[in-house]
Amino acid sequence: MSNEYQHTKALGVSFNAADFHTLSYHARKHQMPVREFIEWMVGCYIKSMRAEEQSRKK
């Protein structure tokens with residue numbers, strides 16, 4: 001069995017038309033497809049929350 005991550009289920013997130021328009025705008029600004037932009041954005045958010053949590057522990 002491999003230790004690599006295997007994608008089995010997508011994150012069920014929905015957006016209204018205005019939210020999707022805003023996400024599309026920012027994705028184009030970063031020259032990324034919307035789906036990749038959302039994954040990148042969530043990853044950045046998680047990293048910042050972890051850093052904040054670590055700084056609170058000290």
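Quantities reported herein were computed from a predicted structural model and do not represent experimental measurements. (Residues numbered from 1 in each chain as written. Predicted model: local features only at pLDDT ≥ 70, side-chain atom pairs only at ≥ 80, totals over all residues. Heavy atoms only, no water.)

Peer 1: Describe the overall build of the protein chain, listing the residues and the values that go with them.
Peer 2: The number of helices and strands found in the protein chain is two helices and zero strands. Per-residue burial over the protein chain gives 9% buried out of 58 residues. Accessible surface for the protein chain amounts to roughly 5800 Å². Of this, 55% is attributable to carbon and sulfur atoms. (Helix = DSSP H or I, 4+ residues; strand = E, 2+ residues; numbered from the N terminus. Buried < 20%, exposed > 50% of the residue type's maximum accessible area, 1.4 Å probe, protein only. Areas by Shrake-Rupley, 256 points an atom, 1.4 Å probe, with all protein chains shown as cover.)

Peer 1: Lay out unusual backbone geometry in plain terms, naming residues and giving numbers.
Peer 2: Although it is not a glycine, Gln 31 adopts a positive phi angle of roughly 55 degrees. Among the secondary structure elements, Gln 31 is positioned in the loop between helix H1 (17–29) and helix H2 (34–57).

Peer 1: I'd like to hear about the environment of Val 34, residue by residue, with values.
Peer 2: Tracing the backbone shows Val 34 in helix H2. C-alpha of Val 34 to C-alpha of Leu 23: the two residues are eleven residues apart in sequence and 6.7 Å apart in space. Contact partners of Val 34, with chain neighbours within four places excluded, come to Phe 20, Leu 23, Ser 24 and Ala 27. (Contact = heavy atoms within 4.5 Å.)

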